[in-house]
Amino acid sequence: MSTVLVLGVGPLPVDSGKKIHAPGIRVWHLAQYLVKHHHNVVLGIIEFGDFRDNETAEIRSRQESLGDRLSVCRLKYHSVRTPEALATLHAHCRFDCVVSTTDIMNSVAASIPVHIPLWLDYLGDPLSERQLQAATYNNDSSLLELWQVMAHALLQGDRFSVASTPQKYALIGQLGLVGRLNQFTAGHDLITVLPNCSRIMREQNLRIQRPLKGTIVPASSFILLWAGGYNTWTDPETLFRGLELVFQQNPSVYFVSVGGEIPGHDNVTFHRFRGLCENSLYANHFQFIGWVPPHEVPSFYAQADAAINVDAACYEAEIGTRTRIIDWISYEIPVVTTALCEPTLLLQKEQLIFPFEPGDPKSLAEAVLWVASHREEARQRAVRARAFLDQLYDEEVVFAPLDEWVRAPAFAP
């Protein structure tokens, strides 16, 4: 049993009344897994969007209990003071190791002025993500800053984890570029694939709190759900034009969006999409709920006849993963999606999702229309998809390397 400092970006799924993002689910999953395996865990959390030096940041933090062997310290980000605050926390708690996730908190972990073994997790590739953010804003100015943050962490980390096999290969290249592939690490596997397989949303109550059918859409409608942020890798034009083709051919289909823009990250993509929808002849077929608290999300899952994800063709989609798709399959919702990331490619091979070609509105429409006209068969595939992922991403198997390392943390050669 070890005492572990787990670092990440909130809000956490247990934080009431706040929208939830993939980083919050990931850090909570890591913490919960370690607690379940009898480690003592202290979470160090900054809030999503708090990525610039905050002059109100303090070098001392207060711990808040979240249950047996689990507490949290909520921090304000500062490139110097936050690592100092964690060093002060270490003096009190005597951590055996640090498990950190996200590019910004991995850099913080690498800056703690105490020599502690570091496990650094990247849920998706920050460099390809930043490429898309640069394209969204037509501005490359943040690329150098990210590379400096990444290089600092890659030089200091002792073990690394990623979301997919393609991302492992990308990270091998990044480690080589900063000199970590050397005589000392030859033959030493520095990187573990920890698939994105949190079941946190599945634990929520499926009770319908806000009925959709018979209120904002007709009682006989087919609900196609979008749930989550409209991120930089979303293709809003393909989504819009594909849905217009769907509505033309099957007016019973309605698109219901839960989520929206991502303040501090992408304030553009959602508004591009909504602007198209509001000027459409089928504007009433696009229903926008907005962000809802995490505990209300399952109510919308319970009413969805299918869910949709639309990725642009890009490196990020090939290297990364999609938390929302894992959540939808946990609730046995038929998934219509581009098949670019590793989980969707595996599901496509087993014919358990309904894929369409990136950038192809006609292909998107055909996939949605097929699901809408074969509801029972689509639902049965979704049931099989959940069983497939539960076996493929058995937490006790895929996360075992993390537990093994935390029990005996070691510095890299």
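Look up: the structure comes first, before these words.
A brief structural summary. Model, not experiment: these values are computed from the prediction.

### Digging into unusual backbone geometry
- In this model, Gly10 is joined to Pro11 through a cis peptide bond whose omega is 5°.
- Relative to the assigned elements, Pro11 resides in the loop between β1 (3-10) and α1 (22-36).
- A positive phi is found at His38, a non-glycine position, where the angle reads about 75°.
- You can call His38 partly exposed: its relative accessible area is 48%.
- One non-glycine residue with positive phi stands out, namely Asn138, at about 55°.
- Checked against the element boundaries, Asn138 lands in the loop between α4 (126-137) and α5 (143-156).

### A word on the packing of helix α13 (residues 361-373) against helix α14 (residues 375-392)
- Where α13 meets α14, the axes come as close as 5 Å, and the angle between the chain directions of the two elements is 100°. Considering the angle they form, α13 stands roughly perpendicular to α14. Residues Trp370, Val371, Ala372 and Ser373 of α13 lie in contact with α14, whose contacting residues are Arg375, Glu377, Ala378 and Arg381.
- Taken together, the residues of the contact of α13 with α14 break down into four nonpolar, one polar and three charged.

### Re the sheet that holds strand β10 (residues 253-260)
- Across the sheet, six strands lie side by side as β11-β10-β9-β12-β13-β14; this open sheet has parallel pairing. Each edge of the open sheet carries a strand with a single partner, namely β11 (286-290) and β14 (354-356). Across the sheet, the mean angle from the axis of one strand to that of its neighbour is 25°, orientation sign disregarded.
- Inspection of the sheet shows strand β9 (residues 222-229) paired to strand β12 (residues 306-309) by two bridges, in the parallel sense. If you follow Leu224 over to β12, its bridge partner there is Ala306.
- Across the sheet, helix α7 (residues 236-249) is in contact with β9, β10, β11 and β12; its angle to β10 comes to roughly 155°.

### Some words on the pairing of β1
- With respect to burial, β1 is a largely interior element, eight of its eight residues being buried.
- The sheet contact formed by β1 and strand β5 (residues 97-101) spans four bridges and is parallel. Bridge assignment links Leu7 to a residue of β5, and that residue is Ser100.

### A look at the side chain of Thr102
- Here Thr102 shows up in the loop between β5 and α3 (103-111).
- According to the relative accessible area criterion, Thr102 is buried, its value standing at 13%.
- If we ignore the near neighbours within four places in the chain, the residues touching Thr102 are Val9, Pro23 and Asp121.

### Details of the sheet that holds β1
- Taken in spatial order, the eight strands line up as β3-β4-β2-β1-β5-β6-β7-β8 in an open sheet, and their pairing is mixed. Only two strands of the sheet have a single partner each, and these edge strands are β3 (63-67) and β8 (191-193). Within this sheet the neighbouring strands show an average axis-to-axis angle of 25°, counted without direction.
- Relative to strand β4 (residues 70-74), strand β2 (residues 40-47) runs parallel, the two being bridged by five bridges. Across the sheet, the residue bridging to Val42 is Ser71, located in β4.
- The sheet strands contacting helix α2 (residues 81-93) are β1, β2, β3 and β4, and the helix crosses β1 at an angle near 150°.
- In this fold α3 packs onto β1, β2, β5 and β6 (118-122), with an angle of close to 165° to the strand it touches most, β6.

### Notes on the nonpolar core
- Ranked by size, the top nonpolar core spans 56 residues in total, and within it Val6, Leu34, Leu43, Val99, Leu225, Tyr301 and Leu402 carry the most contacts.
- With eight residues, α1 is the single largest residue contributor to this core.
- Once residues lying within four places of it in the same chain are set aside, the contact partners of Val99 are Val4, Leu5, Val6, Leu7, Leu30, Leu34, Trp119, Leu402 and Val406.
- In this structure, Leu86, Ile104, Ala153 and Leu175 belong to the second largest nonpolar core, which totals 37 residues.

### As for the pairing of β4
- The buried fraction of β4 amounts to four of the five residues, a majority that puts the element mostly inside the structure.
- Examined bridge by bridge, β3 and β4 share four bridges and lie antiparallel to one another. Counted as the bridge partner of Glu64 is Val72 from β4.
- Counting the residues between successive antiparallel strands, the hairpin from β3 to β4 contains two residues, one of them, Arg69, with a positive phi of roughly 65°.

### Digging into a nonpolar patch on the surface
- The grouping of Tyr169, Ile172 and Leu181 at the surface amounts to a nonpolar patch, some 320 Å² of accessible area in total.
- Take Ile172: it is sitting in helix α6 (residues 165-177).

### Regarding the packing of α7 against α13
- α13 packs onto α7 with a crossing angle of 50° between their chain directions and a minimal axis gap of 8 Å. On the basis of the axis angle, α7 is oblique to α13. Taken as a pair, α7 and α13 cross one another with a handedness that is right-handed. Contacts between α7 and α13 pair Thr238, Leu239, Arg241, Gly242, Leu243, Leu245, Val246 and Gln249 from the former with Pro361, Lys362, Leu364, Ala365, Val368 and Leu369 from the latter.

About the criteria used
One numbering rule holds for all chains: residues counted from 1, following each sequence as written. Per-residue local features of the predicted model are confined to residues with pLDDT of at least 70, and side-chain atom pairs are confined, for both listing and counting, to 80 or more; whole-chain, interface and lining totals are unaffected and use all residues. Side-chain calculation: all heavy atoms of the structure are included, whereas hydrogens and water are not. Only runs of H or I of at least four residues qualify as helices and only runs of E of at least two qualify as strands under DSSP, and these elements are numbered from the N terminus. Using a 1.4 Å probe on the protein chains alone, a residue whose accessible area is under 20% of its type maximum counts as buried, one over 50% counts as exposed, and one in between counts as partly exposed. For helices, the axis comes from a line fit to the C-alpha atoms of the stretch in contact; other axes are also lines fit to C-alpha atoms, and the angle between any two N-to-C directions lies between 0 and 180 degrees. Geometric relationships in this document are graded by angle, where less than 35 degrees denotes roughly parallel, more than 145 denotes roughly antiparallel, 65 to 115 denotes roughly perpendicular, and other angles denote oblique. Contacts are residue-level and defined by heavy atoms, with any inter-residue pair within 4.5 Å sufficient. We call Asp, Glu, Lys and Arg charged. Ala, Val, Leu, Ile, Met, Phe, Trp, Tyr, Cys and Pro are nonpolar, and the rest, Gly among them, are polar. In this description, strands pair whenever DSSP reports at least two bridges between them. We define a nonpolar core as any set of buried Ala, Val, Leu, Ile, Met, Phe, Trp, Tyr and Cys residues linked to one another through side-chain atoms lying within 4.5 Å. Surface patches are defined over residues having more than 30% relative accessible area and no salt bridge, joining like charges when they lie within 9 Å and nonpolar side chains (Val, Leu, Ile, Met, Phe, Trp, Tyr) when within 5 Å. Where accessible areas are quoted, they stem from the Shrake-Rupley method and a 1.4 Å probe; at the residue level, only the protein chains shown are allowed to cover. Just to be clear on terms, a salt bridge is a Lys or Arg side-chain nitrogen sitting within 4 Å of an Asp or Glu carboxyl oxygen. Note on convention: the crossing is left-handed when the near helix lies turned anticlockwise from the far helix by less than a right angle, right-handed when the turn is clockwise.

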